[in-house]
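# Architecture and fold: a report
If you want the building blocks of each chain, they are given just below.
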Amino acid sequence: FFLFCLFIFCVFFFFNDTATTEIYTLSLHDALPISFRSEYRLDNDNVIEFNFGLGAGAQQAGIVGEIDENKTRIAGNNSDFQQIKWRRKSGGDSEHQLQYYRNYSRYRDQFPATVGGQANTPLNQGVVTERNNIEYQYIRTWNEKLRSVWGAEIRQDVSQANEGWFWQLGQVSNNIYRVFANAEWQTSPKLLVNAGLMVENTDFTGVGVSPSAAVNYKLVRGHTLRAKVSQGLRTPSLLERDRKSVV
């Protein structure tokens, strides 16, 4: 009950627009990191994990010594995250995992600048970002030498900065869909082989395939030689693809 009341208090006080503004003006070093983790065992085979956190703080922005535009000022940031994960053991050799994760961040930064020939125009460089993610994994131990994992993921990234970084674009987003698999084979006491594959489809880059293969060879106790070959596709961030600042 105490934790629930603390959570409601933090949401109301630290994430209310007026309250956060007052907190940010206290000091450059003000910050409020709060995190909570709990695990609830339904029975011998099923476990549910809960994680959440809150954060609020301030930082210095602008150029030291500047007296007209982009002068030093206090910018504020608040964030929160929530995660819930269900784990189910199936017999003694396999496990199912299903999780939902959300991350939210809001950055506040407003200052006067010259825009379109007009001086002292209020420029808002604040940005709001949010990520929602659902992921499933199936882990299987086939025998003493072979085990595998496969799964799927759906993720959405959303950002909004209509007056700044994403000028007049409104809300920008990227949806990502992934399936993946990896196998680990202990061929001998000294040699371990890994092979994996991920296929993803994003709004930015379309369909991409990322294979990988690795070999670990144990030379002597405490010393292992590792070789890996992989190919990956890096998806641009929302800022990299859609940035359209007025300054």
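Computed from a prediction, not measured in an experiment: that's the story for all the values here.

### Some remarks on the confidence of the model for the protein
Looking at the protein, the pLDDT average stands at 79 and 70% of residues meet or exceed 70. By mean pLDDT, helix 2 (residues 17-24) is the weakest element of the protein at 35, and strand 10 (residues 191-202) is the strongest at 95. Contacts for the low-pLDDT stretch residues 1-6, under 50 throughout, to residues beyond four places or in other chains number 1 contact. Confidence drops under pLDDT 50 across residues 11-30; counting only partners more than four residues distant or on other chains, this segment forms 35 contacts.

### As for the pattern of salt bridges
Scanning all chains against the criterion turns up 12 salt bridges. Here Arg87 ties to Glu49 by a salt bridge, and the two come within 2.0 Å at their closest N and O atoms. Taken together, the residues Arg87 in strand 3 (residues 73-90) and Glu49 in strand 2 (residues 46-61) connect sequence positions 38 residues apart. Relative accessible area serves as the criterion here: at 11%, Glu49 is assigned to the buried category. Here Arg147 and Glu184 are joined by a salt bridge, their closest N and O atoms 2.7 Å apart.

### As for the pairing of strand 7 (residues 127-141)
Two elements, strand 4 (residues 94-108) and strand 7, share 14 bridges in a ladder whose sense is antiparallel. Of the residues in strand 7, the one forming a bridge with Tyr100 is Ile134. With 14 bridges joining them, strand 7 and strand 8 (residues 146-160) adopt antiparallel strand pairing. By the bridge assignment, Asn132 is partnered in strand 8 with Gln156. Connecting strand 7 to the next strand, strand 8, in antiparallel fashion are 4 residues.

### Topic: the environment of Val179
With respect to the element layout, Val179 can be found in strand 9 (residues 171-186). Taking the relative accessible area as the measure of exposure, Val179 reaches 45% and is therefore partly exposed. For the pair Val179 and Gly151, spaced 28 residues apart in sequence, the C-alpha separation works out to 5.8 Å. Each residue touching Val179, except ones within four places of it in the same chain, is listed here: Gly151, Ala152, Leu197, Met198 and Val199.

### Considerations on the packing of aromatic side chains
Under the criterion given, the structure shown has 4 aromatic pairs. Relative to Trp150, the ring of Tyr138 has its centre 6.1 Å away and its plane inclined at 55°; by these criteria the two rings are tilted. Of this pair, Tyr138 sits in strand 7 while Trp150 sits in strand 8, placing them 12 residues apart in sequence. Through a chain of ring-to-ring contacts, the aromatic side chains of Tyr136, Tyr138 and Trp150 assemble into a single cluster. Arg140 extends its terminal NZ or CZ atom over the ring of Trp142, reaching a point 4.2 Å from the ring centre.

Rules used in this analysis
- Residues numbered from 1 in each chain as written.
- Predicted model: local features only at pLDDT ≥ 70, side-chain atom pairs only at ≥ 80, totals over all residues.
- Heavy atoms only, no water.
- pLDDT = per-residue confidence, 0-100.
- Helix = DSSP H or I, 4+ residues; strand = E, 2+ residues; numbered from the N terminus.
- Contact = heavy atoms within 4.5 Å.
- Salt bridge = Lys/Arg side-chain N within 4 Å of Asp/Glu carboxyl O.
- Buried < 20%, exposed > 50% of the residue type's maximum accessible area, 1.4 Å probe, protein only.
- Pairing = 2+ DSSP bridges.
- Phe/Tyr/Trp six-rings, centres within 6.5 Å; stacked < 30°, edge-to-face > 60°.
- Lys NZ or Arg CZ within 6 Å of the ring centre and 35° of its normal.

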